[in-house]
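# Per-entry structural report
Letter by letter, the chains look like this.
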Amino acid sequence: MITFNVKDRDGKQTAIEVPEGISLNLMEVLKGSGYDILATCGGMALCATCRVQVKTGAEQLPPPGDAELDILDTLPSIEDNTRLSCQLRVNESLEGCHFTIPPED
Amino acid sequence: MITTDIGIIGAGPTGMFAVFEAGLLKMHCHLIDSLPQAGGQLSEIYPQKPIYDIPGYPAINAQQLVDNLSEQIAPFHPGFTLGERVETLEKQQDGTWTIGTNEGTLINCKVVVIAGGLGCFEPRKPEVDRLAEFEGKGVLYAVRNPEAFRDRNIVIAGGGDSALDWTIFLANVAKKVTLVHRGDTFRGAPDAAEKVAELARTGIIDLVLKSRVVALDGAGHLEQVTITGQNGQDQHIQADNFIPLFGLSPKLGPIENWGLKIDKSAIEVNTFDYSTNVEGIYAIGDINTYPGKLKLILCGFHEAALMAQSAFKHVYPDQRLTFKYTTVYGITELA
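Residues numbered from 1 in each chain as written. Chains lettered and ligands numbered in written order. Predicted model: local features only at pLDDT ≥ 70, side-chain atom pairs only at ≥ 80, totals over all residues. Heavy atoms only, no water.

## Structural notes on the overall build of chain A
For chain A, the count of helices and strands is two helices and five strands. When the helices and strands of chain A are read in sequence order from the N terminus, they spell out β-β-α-β-α-β-β. Taking 2.2 N^0.38 as the reference for a compact globule, 105 residues should give roughly 13 Å; the C-alpha atoms of chain A span a radius of gyration of 12 Å, in line with that estimate. C-alpha atoms of chain A, sized along the principal axes, occupy 35 × 30 × 25 Å. Taken across its 105 residues, chain A has 48% of its residues classed as buried. Restricting the contact set of chain A to residue pairs at least 6 apart, pairs at least 24 apart contribute 64%. (Helix = DSSP H or I, 4+ residues; strand = E, 2+ residues; numbered from the N terminus. Rg over C-alpha atoms; globule rule 2.2 N^0.38 Å. Buried < 20%, exposed > 50% of the residue type's maximum accessible area, 1.4 Å probe, protein only. Contact = heavy atoms within 4.5 Å.)

Structural data, given as structure tokens:
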């Protein structure tokens, strides 16, 4: 099992457990877990509505790719360690991470 | 005024295939899209990416699929209004609808099909005090006519390619360009980033890094912007124009005001026929939502087929519909 923590917009923190080896990204898992995330573009790193702040464990995640950096660059204001959850594969790199869902645009 | 049976808002793959399904039932269609070409996301965002889940095609490039759809719907002679954004939808006394675009094009139709995909892309707006108040009075989200900035003081905000490109271009036109970026590096094209650094070194532009525009001021028209740096110190800059360039974000846009039931930026439909809560308006493809919805092209195609069967009763209220297979009857070109 891979376990990570998610804090929603109301500040409620929940531990999420996902089996290893599933082929999903974090956005899909968050949506599937009932979190209110728009993800309008469906995971193409276009809309940035699935962004999360990585409060703990940012350094253990794979670095953002070009598409993700480009869209993060265009956002007017973001916290440090903001990532697009659609670009994060759910695997061991997420173990123990703390994610916060920022307010909607 | 353009007159047709079905007005289709959105010329992506789902909207295009709706022309085919409608055409089989002898209904004429007119497609409207804000993009300058048909194909929606496929042509605009990932034309060269292969798609693997179109039945019958182990893999097909997105643009090839669009080209095939164009060929497939050609016998039904759809009309196109491209590069124009739908703004208004009005019900007429005779029960028909009139769709209006930002360019003033009017399309009268018996049925409206919204196949708008992600919606329309609108500029992402930063959180700046009194921003809305100065929209059109000094605040712009795109540069259309560079000459309008001659001899003016301009503040551009953003760190992407468009912020860099317009800073370079307007440096020679405006009295002064100030570029404000929340970071301290630019990821844009290396040439553009280097050029901006050079313009700043030589004093032609002002570059304000690790900072944000936080407030606007002026009497009637924009006169001053306030910029906050990382140290929390404010500086005030005289400005005739403020141009935030923070990319585009998909929004429903005017569709939101048409009385349709909307859930999380998607239009709720009845899966019986993909009709909305408003009689005569259907929504198909990525823009609709229902229990179990999957945003797949193939689902959009399915939805288009069922929509057309249902739309028939609005277009030909006196006729009975009999279902026919194309393998038995072929397709008949529309006049």
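Continuing now.
## Points about the overall build of chain B
Helix and strand content of chain B: seven helices and 23 strands. Here chain B holds 335 residues, and the buried ones make up 50% of them. Taking all contacts inside chain B whose residues are at least 6 apart in sequence as the whole, residues at least 24 apart take part in 58%. Per element, the accessible surface of chain B, about 16300 Å² overall, is 50% carbon and sulfur. Of note, chain B has its 28 positive side-chain charges centred 3 Å away from the centre of its 39 negative side-chain charges. (Areas by Shrake-Rupley, 256 points an atom, 1.4 Å probe, with all protein chains shown as cover. Lys, Arg positive; Asp, Glu negative; His and termini not counted. Charge placed at Lys NZ, Arg CZ, Asp CG, Glu CD.)

## A word on a negative patch on the surface
Together, Glu17(A), Glu20(A), Glu92(A) and Glu95(A) line one region of the surface with negative charge. With respect to the element layout, Glu92(A) can be found in the loop between β4 (82-84) and β5 (98-100). (Patch = residues over 30% accessible without salt bridge, like charges linked within 9 Å, V, L, I, M, F, W, Y side chains within 5 Å. Salt bridge = Lys/Arg side-chain N within 4 Å of Asp/Glu carboxyl O.)

## Focus on the pairing of strand β18 (residues 241-244) of chain B
All names here are of chain B. Burial along β18 is two-sided: Asn241 and Ile243 facing one way and Phe242 and Pro244 facing the other are all buried. Looking at chain direction, strand β12 (residues 153-157) and β18 are connected through four bridges and run parallel. Residue pairing in the sheet places Val155 in a bridge with Phe242 of β18. (Pairing = 2+ DSSP bridges.)

## Remarks on the confidence of the model for chain B
Chain-level pLDDT for chain B is 94 on average; 100% of the residues reach the 70-or-more range. If you check the scores for this complex, the pTM reads 0.77 and the ipTM reads 0.70. (pLDDT = per-residue confidence, 0-100.)

## Considerations on the side chain of Asn5(A)
Residue and element names in this part refer to chain A. Along the chain, the position of Asn5 falls in strand β1 (residues 2-7). Classification of Asn5 as buried rests on a relative accessible area of 18%. In terms of polar contacts, Asn5 uses its side chain to reach the side chain of His98, at 3.4 Å. Discounting chain neighbours no more than four positions away, the residues touching Asn5 are Gln13, Thr14, Ala15, Cys97, His98 and Phe99. (Polar contact = N/O pair within 3.5 Å; in protein donor to acceptor, adjacent residues only side chain to side chain.)

## Quick notes on the sheet that holds β5(A)
All names here are of chain A. Read across the open sheet, the five strands follow the order β2-β1-β5-β3-β4; overall the sheet is mixed. In this open sheet, the two edge strands, each paired with only one partner strand, are β2 (13-18) and β4. The average undirected angle you get between the axes of adjacent strands in this sheet is 35°. Pairing of strand β3 (residues 51-56) with β5, which is carried by three bridges, proceeds in the antiparallel orientation. (Axes fitted to C-alpha atoms, helices over the stretch in contact; angles between N-to-C directions.)

## A closer look at a nonpolar patch on the surface
A surface patch of nonpolar side chains, about 520 Å² in accessible area, is lined by Phe323(B), Tyr325(B), Val328(B) and Tyr329(B). For Tyr329(B), the location among the structural elements is in helix α7 (residues 326-329).

## Describing the pairing of strand β15 (residues 211-217) of chain B
All names here are of chain B. Bridging between β15 and strand β16 (residues 224-229) involves six bridges; their strand directions are antiparallel. Residue Ala215 lies in a different strand from β16, and its bridge partner there is Thr226. Linking β15 to β16, which pair antiparallel, is a turn of six residues; within it Gly218 sits at a positive phi near 160°.

## With respect to the packing of aromatic side chains
Residues and elements named next belong to chain B. Under the definition given, this model contains eight aromatic pairs over all chains. On the numbers, 5.7 Å between centres and 85° between planes, the contact of Trp166 with Phe169 is edge-to-face. Here Trp166 pairs with Phe169, and both are found in helix α4 (residues 161-171), just three residues apart, close to one helical turn. Given the relative accessible area of 24%, Trp166 is considered partly exposed. (Phe/Tyr/Trp six-rings, centres within 6.5 Å; stacked < 30°, edge-to-face > 60°.)

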